[in-house]
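Coordinates in review
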Amino acid sequence: MAKIKPRVKVPKKAEAGEIVTIKTLLAHPMESGQRKDKKTGEVIPQDIVNYFSASFNGETLFEVDVDPAVSTNPYIEFTLKVPESGTVSFLWKTDNDGDFEIEKKIKVG
Amino acid sequence: MTIEITRRNALMFGAAGVASVSFGLSAFAKEMTTEEAVASFVGGIEPSEMRIEIDAPEIAENGNSVPIEVSVESAMEGDDMVEEILVLASGNPNPGVATFRFSALSGEARASTRIRLAKTQDVVALARMKDGSIHRATRAIKVTIGGCGG
């Protein structure tokens, strides 16, 4: 399996109260559980990212329950109304590959 | 933590695998239809068709990755707050796509992702507001090449 790696894009600076867009991507195959192995005819078991969340300074900002219909390398984009300088923490949970976390700082002023 | 799934393992634990997969589904039982998923979300409330929008291409050449954005007009303050948006793909083997949950920190109720569509179909978005009201949008997307393998 290719290496699973989170990537996020958060602006480094913002004005207080500004709404910024945050883009995230986890490199992951998102095996849907619908595909069949062409040689054996066996269904390839589901192996997906099933949950994503982002929090700001420890407070939950945005959550997603992810189903197999989300594409390979799940891309999720959302917004944050920046109240103050702080840290955005990202978390992905997968069926079989454990959790992935990353943090980004955002500065007001 | 990493668990490698080899084909041998997959075959050996085939039955167990199927059982754990059905428990692993986040929002839906495997057999739930779009109508059942909608009914369970709205809980008897008549959805309004206002304020909610699905932004997606009219024609998707590749059903493996169709960009969609769901949004609801909302101040995201006080009672005028979107709690969650459920996205369903009515023509997929399982209709569930994703549930987005927002907070006051969101600033606006808008989220984008890329989804798989097995064939030409209607995508449905349902939003639940803090005051309990439900908003519904439907968008037809034509798919040239289906995105659910086979």
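Residues numbered from 1 in each chain as written. Chains lettered and ligands numbered in written order. Predicted model: local features only at pLDDT ≥ 70, side-chain atom pairs only at ≥ 80, totals over all residues. Heavy atoms only, no water.

**Some words on the overall build of chain A**
A count of helical and extended segments in chain A gives zero helices and eight strands. N-terminal to C-terminal, the α/β element order of chain A is β-β-β-β-β-β-β-β. Its C-alpha atoms give chain A a radius of gyration of 16 Å, clearly above 13 Å, the size a compact globule of 109 residues would have. In terms of overall dimensions, chain A has a C-alpha envelope of 60 × 20 × 20 Å along the principal axes. Here chain A, with 109 residues, has 54% of them falling under the buried criterion. (Helix = DSSP H or I, 4+ residues; strand = E, 2+ residues; numbered from the N terminus. Rg over C-alpha atoms; globule rule 2.2 N^0.38 Å. Buried < 20%, exposed > 50% of the residue type's maximum accessible area, 1.4 Å probe, protein only.)

**Quick notes on the nonpolar core**
Core analysis: the biggest nonpolar cluster contains 58 residues, and F62(A) and F90(A) have the highest contact counts within it. Excluding residues within four positions of it along the chain, F90(A) makes contact with V8(A), V10(A), I22(A), T24(A), F52(A), S53(A), A54(A), F78(A), F100(A), E101(A), I102(A) and K104(A). If you look at the next biggest cluster of nonpolar residues, it comprises nine residues, including F41(B), L86(B), L88(B) and I134(B). (Core = buried A, V, L, I, M, F, W, Y, C linked by side-chain atoms within 4.5 Å. Contact = heavy atoms within 4.5 Å.)

**Thoughts on the confidence of the model for chain B**
Residues and elements named next belong to chain B. Mean pLDDT over chain B works out to 85, with 77% of the residues at or above the 70 mark. pLDDT under 50 marks residues 8-27. Its contacts with residues more than four places away, or in other chains, come to 15 contacts. Here the predicted complex scores 0.86 on pTM and 0.95 on ipTM. (pLDDT = per-residue confidence, 0-100.)

**Some remarks on the interface of chain B and chain A**
Every contact between the two is made by 41 residues of chain B and, on the other side, 42 residues of chain A. At the boundary of chain B with chain A, total buried surface from both sides reaches about 3500 Å², with 48% on carbon and sulfur atoms. Broken down residue by residue, the surface that chain B buries against chain A is led by R101(B), L105(B) and R116(B), which jointly contribute 22%. The tally of links between chain B and chain A comes to four salt bridges. Between E77(B) and K81(A) there is a salt bridge; the shortest N-O distance is 3.8 Å. In this assembly, chain B and chain A are joined by 21 residue pairs in polar contact (both at pLDDT 80 or more). (Buried area = accessible area lost by both parts, 1.4 Å probe. Salt bridge = Lys/Arg side-chain N within 4 Å of Asp/Glu carboxyl O. Polar contact = N/O pair within 3.5 Å; in protein donor to acceptor, adjacent residues only side chain to side chain.)

**Regarding helix α3 (residues 34-42) of chain B**
Residue and element names in this part refer to chain B. Those residues of α3 that sit buried are T34, A37, V38, F41 and V42. On an axial view of α3, the arc spanned by its buried residues comes to 120 degrees, and they lie on one face. Among the exposed residues of α3, those oriented more than 90 degrees off its buried face are E35 and S40. Structurally, α3 contributes buried residues whose contacts are with β4 (82-89), β7 (121-129) and β8 (134-145). Just downstream of α3, G43 is the residue with a positive phi angle, here 55 degrees. (Arc of directions from axis to C-beta.)

**Focus: the sheet that holds strand β1 (residues 52-55) of chain B**
Two modes of strand pairing occur in sheets, parallel and antiparallel, and in both the strands are linked by backbone hydrogen bonds. Across the sheet, which stays open at both edges, the six strands sit in the order β1(A)-β3(A)-β6(A)-β6(B)-β3(B)-β1(B) with antiparallel pairing between neighbours. At either margin of the open sheet sits one strand with a lone partner, and together these are β1 (5-9) of chain A together with β1 of chain B. Neighbour-to-neighbour, the strand axes of this sheet turn through a mean angle of 15 degrees, independent of strand direction. Of the pairings in the sheet, the one linking β1(A) to strand β3 (residues 19-27) of chain A comprises five bridges and is antiparallel in character. The residue bridging K9(A) from the neighbouring strand is K23(A), located in β3(A). (Pairing = 2+ DSSP bridges. Axes fitted to C-alpha atoms, helices over the stretch in contact; angles between N-to-C directions.)

**Regarding the pattern of salt bridges**
According to the stated counting rule, one finds nine salt bridges over all chains in the structure shown. The structure contains a network of salt bridges with shared partners spanning E77(A), E69(B), E108(B) and R110(B).

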